[in-house]
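What the coordinates show
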Amino acid sequence: QVQLVESGGGLVQPGGSLRLSCAASGRIFSIYVMGWYRQAPGKQRELVATIRGGGSTNYANSVKGRFTISRDNAGNTVYLEMNSLKPEDTAVYYCYRNQDGMDYWGKGTLVTVSS
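Residues numbered from 1 in each chain as written. Predicted model: local features only at pLDDT ≥ 70, side-chain atom pairs only at ≥ 80, totals over all residues. Heavy atoms only, no water.

Now for the state of the cysteines. Put plainly, a disulfide is one covalent bond tying together the sulfur atoms of two cysteines. Scanning the model with the defined rule gives one disulfide in all. Across the disulfide from cysteine 22 sits cysteine 95; the S-S distance is 2.0 Å. Looking down the S-S bond of the cysteine 22 and cysteine 95 bridge, the torsion is -85 degrees, so its handedness is left-handed. Separated by 73 residues along the polypeptide, cysteine 22 in strand β3 (residues 18-26) and cysteine 95 in strand β9 (residues 91-99) bring together distant segments of the chain. Judged by relative accessible area, which is 0%, cysteine 95 ranks as buried. (Disulfide = S-S within 2.5 Å. Helix = DSSP H or I, 4+ residues; strand = E, 2+ residues; numbered from the N terminus. Buried < 20%, exposed > 50% of the residue type's maximum accessible area, 1.4 Å probe, protein only.)

Structure (structure tokens):
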């Protein structure tokens, strides 16, 4: 089993920045995909960004150039640096990890972008 714990959400004004963190623990494998999804009220959960164990990244078009995903060297912690935040970025952000054919999810952290 893998446990994912997110942190770093909160309230920020439009144009501001936030940094989310997600720490993975348990049976950690070196081959994985880890990243962030988000779900806004009344909408489906959507991909934000992912990073593979080898370091390759993938971003939703809506966040390219504004968000940056990174990880620590051990591959246990993933970060999402969010800049130039917009009201439409408001959502619950969920940490995600896929390894050995299994999907794992965190409980989510709320990001609210509002003046």
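This part takes up the sheet that holds strand β8 (residues 77-82). Judged by pairing direction, the sheet is antiparallel, and its four strands sit side by side in the order β1-β3-β8-β7 without closing on themselves. Only two strands of the sheet have a single neighbouring strand rather than two, namely β1 (2-7) and β7 (67-71). On average, each strand axis in the sheet is inclined to that of its neighbour by 15 degrees, with strand direction left out of account. In the sheet, β1 pairs with β3 via six bridges, with the strands oriented antiparallel. Note on β3: the bridge partner recorded for glutamine 3 is serine 25. (Pairing = 2+ DSSP bridges. Axes fitted to C-alpha atoms, helices over the stretch in contact; angles between N-to-C directions.)

On to the packing of aromatic side chains, then. Going through the model one piece at a time under the given rule, you end up with three aromatic pairs. Pairing tyrosine 37 with tyrosine 96 gives two aromatic rings, centres 5.4 Å apart and planes at 65 degrees, and the pair type is edge-to-face. Note that tyrosine 37 is positioned in strand β4 (residues 33-39) and tyrosine 96 in strand β9, a separation of 59 residues in sequence. Judged by its relative accessible area of 11%, tyrosine 96 is buried. With 4.9 Å between their ring centres and 50 degrees between their planes, tyrosine 96 and tryptophan 105 make a pair best called tilted. Taking relative accessible area as the criterion, tryptophan 105 reaches 37% and is therefore assigned partly exposed. Ring pairing ties together the aromatic residues Tyr37, Tyr96 and Trp105, which thus form one cluster. The lysine or arginine in question, arginine 19, covers the ring of tyrosine 79, its NZ or CZ lying 4.2 Å from the ring centre. Seen from the ring of tyrosine 32, arginine 97 lies directly overhead, with NZ or CZ sitting 4.1 Å from the centre. (Phe/Tyr/Trp six-rings, centres within 6.5 Å; stacked < 30°, edge-to-face > 60°. Lys NZ or Arg CZ within 6 Å of the ring centre and 35° of its normal.)

Here we take up the nonpolar core. Trp36, Leu80, Met82 and Tyr93 are the most contacted members of the largest nonpolar core, which totals 29 residues. Counting only elements with at least two residues in this core, the list comes to β1, β3, β4, β5 (46-52), β7, β8, β9 and β11 (109-113). No other element matches the four residues that β3 contributes to this core. (Core = buried A, V, L, I, M, F, W, Y, C linked by side-chain atoms within 4.5 Å.)

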